[in-house]
Amino acid sequence: MDVLINVFVALHIIGIASLLGGFLTQMKAMGTGTARFTPAMLHGALTMLVTGVALVGLNQADDQTVNNLKVGIKLAILVVVLGLVYVKRDEARVDKGLFAAVGALTTANIFIATLWT
């Protein structure tokens, strides 16, 4: 079971890297007002959602304790990010504030995951 959990953790990190990496590559464009949500950002957010749900299920099946409050907050943030990226995915330009919000929420999710013990 530990190997399977570690595989899903690795996939979850790949999803985070895709979402945050897509944001970071568009930061220069954000300064000029031409930033857009890339397909990699959408796929990263979807990967995070699927692997995160799988991780909660696998950890509970392995009789490990799961902090449901932490998971709920992370899920709520991810749903907001996923919703924003999904709705605005086809637009040539995304508002700076909206684009910055996705980056800030993604970063907040990373800090919640790593610092909340």
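Residues numbered from 1 in each chain as written. Predicted model: local features only at pLDDT ≥ 70, side-chain atom pairs only at ≥ 80, totals over all residues. Heavy atoms only, no water.

Here we look at helix H3 (residues 39–61)
(1) Moving on: Over its 23 residues, H3 runs 33 Å from end to end, which matches the ideal 33 Å to within 8%, given 1.5 Å per residue.
(2) Moving on: Those residues of H3 lying buried are Met41, Leu42, Gly44, Ala45, Met48, Thr51, Gly52, Leu55, Leu58 and Asn59.
(3) Moving on: In the segment just after H3, Asp63 is the residue with positive phi, at about 60°. (Helix = DSSP H or I, 4+ residues; strand = E, 2+ residues; numbered from the N terminus. Expected span 1.5 Å × (residues − 1). Buried < 20%, exposed > 50% of the residue type's maximum accessible area, 1.4 Å probe, protein only.)

A few points about the packing of aromatic side chains
For any two aromatic rings, the description comes down to two numbers: the centre-to-centre distance and the angle of the planes.
(1) Moving on: Tallied over the entire structure, the rule returns 2 aromatic pairs.
(2) Moving on: Judged by centre distance (5.1 Å) and plane angle (25°), the ring pair of Phe23 and Phe99 falls under stacked. A residue pair is termed long-range when its members are at least 10 positions apart, and Phe23 in helix H1 (residues 2–25) and Phe99 in helix H5 (residues 96–115) qualify at 76 residues.
(3) Moving on: A relative accessible area of 9% means that Phe23 is categorised as buried.
(4) Moving on: Cluster of aromatic residues (ring-pair linked, three or more members): Phe23, Phe37 and Phe99.
(5) Moving on: Over the aromatic face of Tyr86 sits the side chain of Arg89, whose NZ or CZ is 4.0 Å from the ring centroid. (Phe/Tyr/Trp six-rings, centres within 6.5 Å; stacked < 30°, edge-to-face > 60°. Lys NZ or Arg CZ within 6 Å of the ring centre and 35° of its normal.)

Considerations on the packing of H3 against helix H4 (residues 68–87)
Two packed helices can be described by the angle between their axes and the distance between those axes.
(1) Moving on: One way to put it is that H3 packs onto H4 with a least axis distance of 9 Å and a crossing angle of 160°. Viewed along their axes, H3 and H4 adopt a mutual orientation that is roughly antiparallel. In terms of crossing hand, the pair formed by H3 and H4 is left-handed. Residue-level contacts link Met41, Leu42, Ala45, Leu46, Met48, Leu49, Val56 and Gln60 of H3 to Asn68, Val71, Leu75, Leu78, Leu82, Val85 and Tyr86 of H4.
(2) Moving on: Residue composition of the contact of H3 with H4, grouped by class: 13 nonpolar, 2 polar and no charged. (Axes fitted to C-alpha atoms, helices over the stretch in contact; angles between N-to-C directions. Parallel < 35°, antiparallel > 145°, perpendicular 65-115°, else oblique. Left-handed = near helix turned anticlockwise from the far one by under 90°. Contact = heavy atoms within 4.5 Å. Nonpolar A, V, L, I, M, F, W, Y, C, P; charged D, E, K, R; others polar.)

Observations regarding the confidence of the model for the chain
(1) Moving on: The predicted model of the chain has a mean per-residue pLDDT of 96, with 100% of residues at 70 or higher.
(2) Moving on: No element of the chain has a lower mean pLDDT than helix H2 (residues 27–32), which averages 92, and none a higher one than H4, which averages 98. (pLDDT = per-residue confidence, 0-100.)

Looking at the nonpolar core
(1) Moving on: In this structure, Leu19, Phe37, Met41, Val81, Val85, Phe99 and Val102 are the most contacted members of the largest nonpolar core, which totals 20 residues.
(2) Moving on: At the level of secondary structure, the elements contributing two or more residues to this core comprise H1, H2, H3, H4 and H5.
(3) Moving on: It is H4 that contributes the most residues to this core, 5 residues altogether.
(4) Moving on: Not counting residues up to four positions away in its chain, the partners in contact with Phe99 are Phe23, Gln26, Met30, Ala35, Arg36, Phe37, Met41 and Val94. (Core = buried A, V, L, I, M, F, W, Y, C linked by side-chain atoms within 4.5 Å.)

Focus: the side chain of His12
(1) Moving on: Relative to the helices and strands, His12 resides in helix H1.
(2) Moving on: Beyond its immediate chain neighbours, meaning those up to four positions away, His12 contacts Met48, Thr51, Gly52 and Leu55.

Some points on a nonpolar patch on the surface
(1) Moving on: Taken together, Val3, Val7, Leu11 and Ile14 make up a surface patch of nonpolar side chains, about 360 Å² in accessible area.
(2) Moving on: Relative to the elements of secondary structure, Ile14 occurs in helix H1. (Patch = residues over 30% accessible without salt bridge, like charges linked within 9 Å, V, L, I, M, F, W, Y side chains within 5 Å. Areas by Shrake-Rupley, 256 points an atom, 1.4 Å probe, with all protein chains shown as cover. Salt bridge = Lys/Arg side-chain N within 4 Å of Asp/Glu carboxyl O.)

Some points on unusual backbone geometry
(1) Moving on: Unusually for a residue other than glycine, Asp63 sits at a positive phi of about 60°.
(2) Moving on: Mapped onto the elements of the fold, Asp63 is located in the loop between H3 and H4.

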